[in-house]
Amino acid sequence: MRHGTKYPSKILSSTLSVLFDGSYWETNRCWAGALCVSTPATNGMDYKKYYFLDNYLEEVRSNFERGYLTPEEFFCIVIWKANRAKTKIKKRLLEGGDIKKAVKELTSDIYNADGLESKLQVLKDRGFLLPMATAILTVLYPKDFTIYDVRVRNYFGLKEIYSAKNYFSDFLPKVKDFAKQHNLSLRDADRYLWGKSFYKDLEDLVR
C-alpha cells in the first residue's frame, strides 16, 4: 500500500498491516476523499537515525559512558569510516568466539585503558590500522582524537604514518593547531579539512 494513495468513498479498513521493504507498516482508518498515511510500526525504535549516521554517532558516544559498546553501535562506526572493512573486522573479532562478547571486551578495554596512547594501543594490538583505529576513538573521544586520513595528511604535507607514536607527535598536533587557529572544534577541523580536499578533487573532476 503506497503512502499518500487516495481511496474510494468508503472506509477501506480500520487498521491494515503490510510487509513493505522488509518491515511492517500500519495505515490508519481511511475515509472518503482522505489520504491514507502510512507510519512504521517500529516498536519504539526510530530507524531514521541510521540514515543520518554521522549524527547517530553522537548517541553512540553517549552510550559508551556505560563502559562498552554493543556490536550494533561498534559496527556503525566501522561502516561510517569504511563500509568495505566491516566483514574483515567481523571475521577478526569472531576469532575470539561470540561477536557480542568480543566487541564488549574490546570496547571495555578501550574504556578502561589509562591514557590516550594506551587507548589507541588497545586497537593496534587487535590488528586495527591507524585510519580505522583513530576513527573509532574520534567518535568515542572527539576532544582528544582526530581521524588519521590521507586527505588531511596530504594537506599538511606529512609522510605516511604507521605508528601510534608518530600519530601523537606529528599528525594530531597539526590538526589541533589548525582547529585552534580557525576557532573550530577538533571534530569540525577534521570535517573542514576533509571537505576542502574533497572539493578540490571535485573541481579537478569537472574542470
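What you see is a predicted model; the values in this text were computed from it and never measured. Along each chain, residue indices are assigned from 1 in the same order as the chain's sequence is written. In keeping with the predicted nature of the model, local features appear solely for residues at pLDDT of at least 70, side-chain atom pairs appear and are counted solely at 80 or more, and the whole-chain, interface and lining totals rest on all residues. The side-chain quantities take in all heavy atoms of the structure and omit both hydrogens and water.

Participant: Give me the lowdown on the packing of helix H8 (residues 164-181) against helix H9 (residues 186-206), citing residues and values where you can.
Facilitator: The convention used is that axes are lines fitted to C-alpha atoms, helices contributing only their stretch in contact, and that angles between N-to-C directions extend from 0 to 180 degrees. By the criteria applied, helices consist of DSSP H or I runs no shorter than four residues and strands consist of E runs no shorter than two, each listed in order from the N terminus. Contact geometry for H8 and H9: axes closest at 9 Å, N-to-C directions at 95°. What the angle tells us is that H8 and H9 run roughly perpendicular. Only Leu 186, Ala 189, Tyr 192 and Leu 193 of H9 make contact with H8, whose side of the interface consists of Leu 172, Val 175, Lys 176, Phe 178 and Ala 179. Of the residues in the contact of H8 with H9, the class split is 8 nonpolar, no polar and 1 charged. Working definition: roughly parallel below 35 degrees, roughly antiparallel above 145 degrees, roughly perpendicular at 65 to 115 degrees, and oblique for all remaining angles. Here a residue-residue contact requires only that any non-hydrogen atoms of the pair lie within 4.5 Å. Polar here means any residue other than Ala, Val, Leu, Ile, Met, Phe, Trp, Tyr, Cys and Pro, which are nonpolar, and Asp, Glu, Lys and Arg, which are charged; Gly is therefore polar.

Participant: Residue-level account of the nonpolar core, with values.
Facilitator: To define a nonpolar core, start from buried Ala, Val, Leu, Ile, Met, Phe, Trp, Tyr and Cys residues and group those joined through side-chain atoms within 4.5 Å. Each residue is assigned to one of three classes by its accessible area relative to the maximum for its type, calculated with a 1.4 Å probe on protein chains only: buried under 20%, partly exposed between the two thresholds, exposed over 50%. Core analysis: the biggest nonpolar cluster contains 49 residues, and Phe 74, Ile 89, Ile 110, Leu 120, Phe 128, Leu 140 and Tyr 167 have the highest contact counts within it. When residues in this core are grouped by element, the largest group, 8 residues, is from H8. Aside from chain neighbours lying at most four places away, what touches Phe 128 is Phe 74, Ile 89, Arg 92, Leu 106, Leu 123, Ala 133 and Ile 136.

Participant: Go over the pattern of salt bridges with me, naming the residues and quoting the values.
Facilitator: In the sections that follow, a salt bridge refers to a side-chain nitrogen of Lys or Arg positioned within 4 Å of a carboxyl oxygen of Asp or Glu. Enumeration over the complete set of coordinates arrives at 14 salt bridges. In this structure, the salt-bridge partner of Arg 153 is Glu 160, at a minimum N-O distance of 2.8 Å. By relative accessible area, Arg 153 is classed as buried at 12%. Its salt-bridge partner being Asp 188, residue Arg 191 comes within 2.8 Å of it at the nearest N-O pair. Taken as a pair, Arg 191 and Asp 188 lie in helix H9 at a separation of 3 residues, close to a single helical turn. The class for Arg 191 is partly exposed, based on a relative accessible area of 33%. On the basis of relative accessible area, Asp 188 is assigned to the partly exposed category, the value being 35%. A network of salt bridges, in which partner residues are shared, links Asp 54, Arg 187, Asp 188, Asp 190 and Arg 191.

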